[in-house]
Amino acid sequence: MDTLFEKPFTKITYDADNGIMYMELIGNIKHEDYKEMFNTLMEKGLQKNIKKLLVNQATLEKSGMDSKAWLITSWLPRAKKNFGEDVRIALILSKNLFTKIGGEYVVGAVRLVSKFEVRTFSSIDDGRTWLLTEANHN
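Heads up: these notes are all about the structure in this document. (Residues numbered from 1 in each chain as written. Predicted model: local features only at pLDDT ≥ 70, side-chain atom pairs only at ≥ 80, totals over all residues. Heavy atoms only, no water.)

1. Let's talk about the packing of aromatic side chains
Move 1: Inspection of every chain in the model, using the stated rule, returns three aromatic pairs.
Move 2: For the pair F38 and W75, a centre-to-centre distance of 5.2 Å together with 70° between the ring planes defines the contact as edge-to-face. Here the residue F38 occupies a position in helix α1 (residues 31-48), and W75 occupies one in helix α2 (residues 65-83), the gap between them amounting to 37 residues.
Move 3: Residue F38 is classed as buried on the basis of its relative accessible area, which comes to 7%.
Move 4: Owing to a relative accessible area of 8%, W75 belongs among the buried residues under this scheme.
Move 5: Members of the aromatic cluster, connected to one another through ring pairs, are Y34, F38 and W75.
Move 6: Directly above the ring of W130 sits R88, whose terminal nitrogen or CZ lies 4.4 Å from the centroid. (Phe/Tyr/Trp six-rings, centres within 6.5 Å; stacked < 30°, edge-to-face > 60°. Helix = DSSP H or I, 4+ residues; strand = E, 2+ residues; numbered from the N terminus. Buried < 20%, exposed > 50% of the residue type's maximum accessible area, 1.4 Å probe, protein only. Lys NZ or Arg CZ within 6 Å of the ring centre and 35° of its normal.)

Structure (structure tokens):
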């Protein structure tokens, strides 16, 4: 597992053997940090030509509605253009109820505006297993 980017609010790693990029969201993430994290994810993801992503929000405490809006209206259209539609994303939801609801909101929006295959899980192992199960992929 290679660490590609690490800050107090995130860690982005890459499992080259399985072609999975991991992004962990940590603590209370300010808007500018949120943008830096997702823009770095796109940059590193394009370098590795990823099609599988595991986003771990288990340790996320809070990110603002402005960050979620930016993700959906600005970042996601660029992600679709750059990665194509054939991307699978496993999202590990936060244990914090309000953060979990925010994560589910983003998943719903992603499904509306892209063909990315997104599923939510309560554990990293479950999300990783799904990403590695090619039979699930149409």
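2. With respect to the environment of K62
Move 1: Considering the arrangement of structural elements, one finds K62 in strand β6 (residues 60-63).
Move 2: For K62 and T40, which are 22 residues apart along the polypeptide, the C-alpha to C-alpha distance reads 19 Å.
Move 3: In this structure K62 touches G27, N28, I29 and T99, once residues within four positions along its chain are discounted. (Contact = heavy atoms within 4.5 Å.)

3. Some remarks on the packing of α2 against helix α3 (residues 97-113)
Move 1: At a minimum axis distance of 11 Å, the contact between α2 and α3 shows a crossing angle of 30°. Compared by their axis directions, α2 and α3 come out roughly parallel. With respect to the hand of their crossing, α2 and α3 are arranged in right-handed fashion. Across the interface between the two elements, M65, K68, L71, I72, L76 and K80 of α2 pack against G102, Y105, V106, A109, V110 and V113 of α3. (Axes fitted to C-alpha atoms, helices over the stretch in contact; angles between N-to-C directions. Parallel < 35°, antiparallel > 145°, perpendicular 65-115°, else oblique. Left-handed = near helix turned anticlockwise from the far one by under 90°.)

4. As for the environment of L53
Move 1: The topology assignment puts L53 in strand β5 (residues 52-56).
Move 2: With a relative accessible area of 7%, L53 lands in the buried category.
Move 3: Between the C-alpha atoms of L53 and I12, which are 41 residues apart in sequence, the distance is 10 Å.
Move 4: If we skip the residues at most four places from it in the chain, L53 touches M21, L41, R88, I89, A90 and L131.

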